[in-house]
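If you want the building blocks of each chain, they are given just below.
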Protein chains: 2
Amino acid sequence: MNNPQLTSEYQSFGGKLGFYSHPSSTCNGEMRFAVYQPPQATQQPVPVLYFLSGLTCTEENFMAKSGAQRYAAEYGLMLVAPDTSPRNTGIVGEDDEWDFGTGAGFYVDATEKPWRSHYQMYSYVVQELPALIAANFPIQPEKQGIFGHSMGGHGALVCALRNPQLYKSVSAFAPIVAPMRCPWGQKAFSRYLGTNQETWRAYDASELVQHTQYHSPILIDQGTADKFLAEQLLTEVFEEACMAFKQPLTLRYQDGYDHSYYFIATFIADHIRHHAIALGKI
Amino acid sequence: MNNPQLTSEYQSFGGKLGFYSHPSSTCNGEMRFAVYQPPQATQQPVPVLYFLSGLTCTEENFMAKSGAQRYAAEYGLMLVAPDTSPRNTGIVGEDDEWDFGTGAGFYVDATEKPWRSHYQMYSYVVQELPALIAANFPIQPEKQGIFGHSMGGHGALVCALRNPQLYKSVSAFAPIVAPMRCPWGQKAFSRYLGTNQETWRAYDASELVQHTQYHSPILIDQGTADKFLAEQLLTEVFEEACMAFKQPLTLRYQDGYDHSYYFIATFIADHIRHHAIALGKI
């Protein structure tokens, strides 16, 4: 395994924020990610919290706009934010659409040509990246949480529901909870996974929750003024599935909030606390 | 006076953040600014705190990256962030340099052609914008504070030192404190103000502090790893002038911090508290 290369570093809330790149064997090319190391990490290994970003984002948006570092420093959590897809793969058309290809990996392992040669974001997030983090940063590998926004909320829910033993906690901001039923998800899944919709179920939180009990309550914040709510996010589909299959869910509709990072920043403290409790830091 | 036009709005920390444009008589064209209205502003007029941004910034950077809204909401302060210059003025070459022209108004009233027809940022920030805010938002016009970053830290210090009666408090992150002595300032002043350096003194905090006592302590945070410190910011020039002329100054060198918004976000809470005290909210 090659060491990640530091491209820039910033002091932040007494800790340090670094941006890295590394050759990924899973994605067959360079991948980028950001890590915030809280001040406590200079003394001892700390739990690690993964944040998966939404469409068009890079590894930077969350670190620049969410304000999460303040709370990660308070509770002693490492934050890791991967990029949202491989980039510069050479696949024809990878940059043509904002909701597919570059910036839109959807956290699946593609099985269809030409995407399958690089777009293995599920395995990258669940396996390669955590191994890389454990090998290079002072973390407690058995203490992981995961959260995300929009497409990344979908990713976080899927990663946690498929691997409850790997993640002590999961939460999401305005997640895509039923990708099989919304245009963004249908477009991405049909081209990354093919037309057999049976294979899609493994990447749909509202399907997964019917077969897996996650061990602790899932926290979701959803703005009522989010313009994607009715057509793309479909929060109530997940809410009904959780209720039917007795999955504990803390779903909070936040009045007047939209889909932006201003919404995320407003409620980031609550999410970090949710994870800090599960990770034994409160 | 024309009403400002709302271009976008976001719920944030129980209040609302709006981005506006308006025809400016001072700058002879459209100007843009952002306003964060804390939740308290729906009940009663609140104090107002102006933030002046640095080179290349717009009215958005501070609102997206500083995390200030959390504390403005806590203490009940309105935040106003103007753009850093006129834009699209038609002046030949306005977009050619990142440290002069567009995005680099330096908060002066230009006297030289061709800039003087639009680049009147000092009068815009001190007079036109506050009048516009008072006429359109629920603020207490006699309760104003001002702060800023880098070029905007210079702007905040100059506005406050020249108008102590207008601003109850002033602070700055990594300000340009002696523009007459640094390359950024010399370049901007010579072209906006002409070659007679006597006229520059009115826009140089380290000169102004020799003739004006500001009524309360000035707060400055400066990162020790800021790559602009030695050549452009010259913090010690202001420190020495304050000491020589008995101006109370709280200057904090922050170990390892650079010039970025990660630095600002780390210490924004302290700055907002500094202003909230002077504005009677703590």
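Residues numbered from 1 in each chain as written. Chains lettered and ligands numbered in written order. Predicted model: local features only at pLDDT ≥ 70, side-chain atom pairs only at ≥ 80, totals over all residues. Heavy atoms only, no water.

A.B. asks: It is not clear to me how the overall build of chain A should be interpreted in this structure. Could you clarify?
C.D. replies: From N to C terminus, chain A includes 9 helices and 9 strands. Since a compact globule built from 282 residues should have a radius of gyration of about 19 Å, the 17 Å found for chain A is in line with a globular shape. In terms of its C-alpha atoms, chain A occupies a principal-axis envelope of roughly 50 × 40 × 35 Å. Put simply, chain A has 282 residues, and 62% of those count as buried. Nonlocal contacts in chain A, meaning residues at least 24 apart in sequence, comprise 72% of its contacts between residues at least 6 apart. When the accessible surface of chain A is totalled, it reaches about 10,300 Å², and 48% of it is carbon and sulfur. On chain A, the mean spot of the 19 positive side-chain charges and the mean spot of the 27 negative ones are 5 Å from each other. (Helix = DSSP H or I, 4+ residues; strand = E, 2+ residues; numbered from the N terminus. Rg over C-alpha atoms; globule rule 2.2 N^0.38 Å. Buried < 20%, exposed > 50% of the residue type's maximum accessible area, 1.4 Å probe, protein only. Contact = heavy atoms within 4.5 Å. Areas by Shrake-Rupley, 256 points an atom, 1.4 Å probe, with all protein chains shown as cover. Lys, Arg positive; Asp, Glu negative; His and termini not counted. Charge placed at Lys NZ, Arg CZ, Asp CG, Glu CD.)

A.B. asks: Is there a simple way to explain the UniProt feature "active site" (unreviewed entry) in chain A in this structure?
C.D. replies: Residue and element names in this part refer to chain A. What UniProt calls "active site" (unreviewed entry) maps, in this numbering, to S150, D226 and H259. On the basis of their most widely separated C-alpha atoms, the annotated residues across 110 residues gather in one place, lying no more than 10.8 Å apart. Its location among the elements puts S150 in the loop between strand 6 (139–149) and helix 4 (151–162). With near-sequence residues (within four places) excluded, S150 lies in contact with G54, F173, A174, P175, I176, W184, L233 and H259. Its place among the elements puts H259 in the loop between strand 9 (249–254) and helix 9 (261–278). (UniProt positions renumbered as here; feature names shortened; annotations may be inferred.)

A.B. asks: So what exactly am I meant to see when it comes to the relation of the copies chain A and chain B here?
C.D. replies: Note: a rotation about an axis with an accompanying shift along it relates these two copies of the chain. Between the two copies, chain A and chain B, the superposition gives an RMSD of 0.0 Å; the rotation angle is 180° and the shift along the axis is 0.0 Å. The transformation just described matches what one would write down for a two-fold rotation axis. Minimal C-alpha separation from the rotation axis in chain A is found for A:K65, amounting to 2.5 Å. An overlap of 100% is found between the interface residues of chain A and their copies at the interface of chain B, pointing to a shared contact surface. (Least-squares fit on C-alpha atoms with pLDDT ≥ 70 in both.)

A.B. asks: Which parts of the structure should I look at to understand the sheet that holds strand 3 (residues 29–37) of chain B?
C.D. replies: Paired through their backbone hydrogen bonds, the strands of a sheet run either parallel or antiparallel. The mixed open sheet is built from 9 strands, whose spatial order is 1-2-3-5-4-6-7-8-9 (chain B). Two strands close off the open sheet at either side, each with one partner strand: strand 1 (5–12) and strand 9 (249–254) of chain B. Shown here is a sheet whose adjacent strand axes are inclined to one another by a mean of 20°, direction ignored. As paired elements, strand 8 (residues 218–223) of chain B and strand 9 of chain B share 6 bridges and run parallel to each other. Paired with B:L219 across the strands is B:T250, a residue of strand 9 of chain B. Relative to the sheet, helix 9 of chain A contacts strand 1 and strand 2 (15–24) of chain B, its axis offset from that of strand 1 of chain B by approximately 30°. (Pairing = 2+ DSSP bridges. Axes fitted to C-alpha atoms, helices over the stretch in contact; angles between N-to-C directions.)

A.B. asks: Help me understand helix 5 (residues 183–192) of chain A in this model?
C.D. replies: Quick reminder: α-helices carry 3.6 residues per turn. Residues three or four places apart thus point the same way. All names here are of chain A. Among the residues of helix 5, those classed as buried are W184, G185, A188, F189 and Y192. Axial view of helix 5: buried residues confined to an arc of 105°, hence all on one face. Against helix 4 and helix 7 (229–233) lie the buried residues of helix 5. Where helix 5 ends, the next residue or the one after it, G194, has phi of about 95°, a positive value. (Arc of directions from axis to C-beta.)

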